[in-house]
Protein chains: 2
Amino acid sequence: MNQVNRRITLASRPDGYPTEANFKLVEAPVPSIGPGQVLVQTLYLSLDPYMRGRMNAAKSYAPPVELGATMVGGIVGKVIASEHQKFKVGAIVEGRLGWQDYGVSDGRDLRQVDPAAGPISTAVGVLGMPGLTAYFGLLDVCQPRPGDTVAVSAASGAVGQVVGQIAKLMGCRVVGIAGDPRKIAYITRELAFDAAIDYKTEDLDVALDRACPNGIDAYFDNVGGQVSEAVFRHLAYRPRIAICGQMALYNVEAPEPGARSLRFMLVHRARMEGFLVSDFADRWPEGLKRLSRWVKDGKIKYREDVVEGLENAPKAFLRLMRGENFGKLVVKVADQRPTQGDNS
Amino acid sequence: MNQVNRRITLASRPDGYPTEANFKLVEAPVPSIGPGQVLVQTLYLSLDPYMRGRMNAAKSYAPPVELGATMVGGIVGKVIASEHQKFKVGAIVEGRLGWQDYGVSDGRDLRQVDPAAGPISTAVGVLGMPGLTAYFGLLDVCQPRPGDTVAVSAASGAVGQVVGQIAKLMGCRVVGIAGDPRKIAYITRELAFDAAIDYKTEDLDVALDRACPNGIDAYFDNVGGQVSEAVFRHLAYRPRIAICGQMALYNVEAPEPGARSLRFMLVHRARMEGFLVSDFADRWPEGLKRLSRWVKDGKIKYREDVVEGLENAPKAFLRLMRGENFGKLVVKVADQRPTQGDNS
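As a convention, each chain's residues are numbered from 1 in the sequence order in which they are written. For naming, the first written chain is A and the first written ligand is 1, with later ones following in the order written. The model is predicted, so local features are restricted to residues of pLDDT at least 70 and side-chain atom pairs to those at 80 or more, both for listing and for counting; the totals for chains, interfaces and linings are taken over all residues. Side-chain metrics rest on all non-hydrogen atoms present in the structure, leaving aside hydrogens and water.

## Examining the interface of chain A and chain B
Point 1. Taken together, the contact between chain A and chain B spans 35 residues of the former and 35 residues of the latter.
Point 2. One speaks of a salt bridge when a side-chain nitrogen belonging to Lys or Arg is within 4 Å of a carboxyl oxygen belonging to Asp or Glu. Linking chain A with chain B are two salt bridges, by the criterion used here.
Point 3. Here aspartate 279 of chain B ties to arginine 269 of chain A by a salt bridge, and the two come within 2.8 Å at their closest N and O atoms.
Point 4. The definition of a polar contact used here is a pair of N or O atoms within 3.5 Å, where within protein one atom must be able to donate a hydrogen and the other to accept one, and adjacent residues in sequence count solely through side-chain atom pairs. Viewed at the interface, chain B and chain A are joined by seven residue pairs in polar contact (both at pLDDT 80 or more).
Point 5. At the level of secondary structure, the elements contributing two or more residues to the side of chain A that touches chain B comprise α6 (225-232), β12 (235-243), β13 (257-259), α7 (263-267) and β14 (271-274) of chain A. Any two residues having at least one pair of non-hydrogen atoms within 4.5 Å are treated as being in contact. Where helices and strands are cited, they refer to DSSP runs of H or I of at least four residues and of E of at least two residues respectively, numbered from the N terminus.

Written out as structure tokens, the structure reads:
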């Protein structure tokens, strides 16, 4: 076992887009554990948009990362030492142990992952937080009905790709919005979305008119900003809008001016709701069970963007912030199988 | 009976704030009626913010007023000729007969008003559309619970004054936002709101911090714009926001830039919903029954701003657009009791 724990810490708070200088790789001894604790070796680190919010000093729905502290993040790892009854050495677990090689947990935030259910990286993807976010945000917040037109932004991302496929399963017309010809091809050809719009090259109003002739009944919003404002001009009657993320605005240095009026809310009799996946924590087993079944049956496909090496996490995170990832972004931190000489 | 029907028509469409030149008073003969119709003499004309939207060419939730056509509007009037079984001569009715001395109806949009229930002008006020808007918007959209902090904008207006009083009846802490020291004094002293904020003279963030120490659980929004953006910075957990009107933005010449981010929706897990009183048309009898009881019992007070003379309606409407009315704005068009020589 490598005796060094590399941690990526928050070195400074970004103004606008983060840079690599906001992060610092620190080496420390691998921590030891006490009674009731487990030591987990990180195999995959999940990179997600919410992390940008934690880099700010302002309190949001969760406390900020302190300067000098390890960046927060979900990981999939292997238990390599345990004084905890439930988690045995060798078990694969998912938890929120942050951007580091090794983490210690008291087990409360750990979830055992069944390696037979699929590649273990999916425990932070389609069979983890992003998949559950899609599941509850679409089904419980957007409440689509068969025949509805469902629009989703960041449509090829970790959450968006699952949103669109569940909506297709339900008999909805699905329109994905993304910013790259490869992403557009992927969601329409691989995932069978009914239409796709490239917000970087198309006139949004023209494209939405064409793709949503009967208006938009449900909108799953991952990005906010101008894309959403265009969607709001194309709503049907009594649409449901789920606010999941506002990625387009996380890196603006000053509050960005936009269309101020919420008049569309009453003109269309819209309902808009903000949610976090943690709001549905008591129903995660339900969501995971169904998502697993759909993945096994090939009804839900997924695409990962895998980066090698913990040291490359900051650079990969900057790609995520610019929408340059293609699929669920994960960092492969270590091999799942023990390497020679590894005596764990 | 006066043989001339004065109609106030839409002469031109306004850019931004309307002016008197946008209206034109036209004289025409009093219309005659056919089988199944009634002739109604207007006694009170209601002036309401939604009328501004109808002056635009763009289709909204209702069609625009055509150039040269009589301005739309709710009225309370007296049936002075009838070939309709249900409505007898002398009956007091409420309907949407527009800005004119006399209107013809087939009875479908008329509602009989009980003059014993209170001053008949209340049929376009607390016991009419504005009262019902407050009733359903607060109870069904905002869904307040006792102990909730309820904020309402345009708090002394036709809708706002009723919203706040129903919320008080329910055991809520009520915070009214208005733009005049007389209005502030009225809602706190006469209507017993717990706190009031003058958005024209106070720092909204400081005032909201003071008035809503536990955050805002329910917000009934009549105005939108900067006032709402400040309210959104002071939300509690799982707040409900009813979008009833966006008065602050009806008269802007170009889309006004505002804070673009909807991130507050997910940070606070807010639900926002736009509604029209017509969405609850099947439950108006329920609402009117309860509002009437509360008014009779003195539990709901109301304040009217009465202007004399149909010819003064345009000028009064401009006051409404600038928030210079104080209470429900109505135009007294004719006396309720027949004048001498009136042989109706």
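## Describing helix α5 (residues 204-211) of chain A
Residues and elements named next belong to chain A.
Point 1. The rule is simple: take the accessible area with a 1.4 Å probe, protein chains only, and divide by the maximum for that residue type; under 20% is buried, over 50% is exposed, in between is partly exposed. If you check which residues of α5 are buried, you get Leu204, Ala207, Leu208 and Ala211. Projected onto a plane normal to the axis of α5, the buried residues spread over an arc of 100° and lie on a single side. The exposed set on the far side of α5, more than 90 degrees from its buried face, consists of Val206 and Asp209.
Point 2. Next to the buried residues of α5 lie β9 (173-178), β10 (195-198), β11 (216-221) and α6.
Point 3. Regarding α5, its N-cap is aspartate 203, as a side-chain oxygen of that residue lies 3.0 Å from the backbone nitrogen of aspartate 205 further along. This arc describes the spread of directions from the helix axis toward the C-beta atoms.

## Focus: the packing of aromatic side chains
Residue and element names in this part refer to chain A.
Point 1. Two rings from Phe, Tyr or Trp (for Trp, the six-membered ring) form a pair when their centres sit within 6.5 Å of each other. Planes less than 30 degrees apart are called stacked, planes more than 60 degrees apart edge-to-face, and all others tilted. Applying the stated criterion across every chain, the model contains 22 aromatic pairs over all chains.
Point 2. For the ring pair tyrosine 135 and phenylalanine 136, a centre distance of 4.9 Å and an interplane angle of 85° mean the geometry is edge-to-face.
Point 3. Overall, the relative accessible area of 0% leaves phenylalanine 136 in the buried class.
Point 4. An aromatic cluster is built from Tyr135, Phe136, Phe220, Phe275, Phe280 and Trp294, whose rings are joined through pairwise contacts.
Point 5. The side chain of arginine 303 reaches across the aromatic face of tyrosine 186, ending 5.7 Å from its centre.
Point 6. Criterion for a charge above a ring: Lys NZ or Arg CZ within 6 Å of the ring centre, and within 35 degrees of the ring normal. Directly above the ring of tyrosine 17 sits arginine 322, whose terminal nitrogen or CZ lies 4.1 Å from the centroid.

## Observations regarding the pattern of salt bridges
Point 1. For the structure shown, the criterion picks out 36 salt bridges over all chains.
Point 2. A salt bridge links glutamate 273 of chain A to arginine 271 of chain A, with the nearest nitrogen and oxygen atoms 2.7 Å apart.
Point 3. Residue aspartate 335 of chain B is joined to lysine 332 of chain B by a salt bridge in which the shortest nitrogen-to-oxygen separation is 3.0 Å.
Point 4. A relative accessible area of 44% means that aspartate 335 of chain B is categorised as partly exposed.
Point 5. One network of salt bridges, in which partners are shared, links Arg6, Asp101 and Glu311 of chain A.

## Regarding the sheet that holds β9 of chain A
Point 1. DSSP calls a pair of strands paired once it identifies at least 2 bridges connecting them. If you trace the twelve strands from one edge of the open sheet to the other, you get β10(A)-β9(A)-β8(A)-β11(A)-β12(A)-β14(A)-β14(B)-β12(B)-β11(B)-β8(B)-β9(B)-β10(B), paired in mixed fashion. Where the open sheet ends on each side, the last strands, each with one partner, are β10 of chain A together with β10 (195-198) of chain B. Across the sheet, the axes of successive neighbouring strands diverge by a mean angle of 15°, strand direction being ignored.
Point 2. Whenever a helix is involved, its axis is fitted only over the stretch in contact; in every case the axis is a line through C-alpha atoms, and angles between N-to-C directions fall within 0 to 180 degrees. Its contacts with the sheet put helix α4 (residues 181-190) of chain B on β9 (173-178) and β10 of chain B, and the angle it makes with β10 of chain B is roughly 170°.

## Quick notes on the relation of the copies chain A and chain B
Point 1. Take chain A, turn it by 180°, move it 0.0 Å along the axis, and it overlays chain B with an RMSD of 0.0 Å. Such a turn and shift between the copies fits a two-fold axis.
Point 2. When the interface residues of chain A are mapped onto chain B, 100% of them again fall at the interface, so both copies present the same face. Fitting of the copies onto one another was done by least squares over C-alpha atoms, counting residues only where both copies have pLDDT of at least 70.

## Here we look at unusual backbone geometry
Point 1. One non-glycine residue, arginine 269 of chain A, lies in positive phi territory at about 55°.
Point 2. Tracing the chain through its elements places arginine 269 of chain A in the loop between α7 and β14.
Point 3. Although it is not a glycine, alanine 154 of chain B adopts a positive phi angle of roughly 50°.
Point 4. A relative accessible area of 32% places alanine 154 of chain B in the partly exposed class.

## Thoughts on the pairing of β14 of chain A
A regular strand carries its side chains on alternate faces of the sheet.
Point 1. Of the strand pairs in this sheet, β12 of chain A and β14 of chain A are connected by four bridges, and their pairing is parallel. By the bridge assignment, arginine 240 of chain A is partnered in β14 of chain A with arginine 271 of chain A.
Point 2. Bridge count between β14 of chain A and strand β14 (residues 271-274) of chain B: three bridges; the pairing is antiparallel. Looking at the pairing, glutamate 273 of chain A lines up with arginine 271 of chain B of β14 of chain B.

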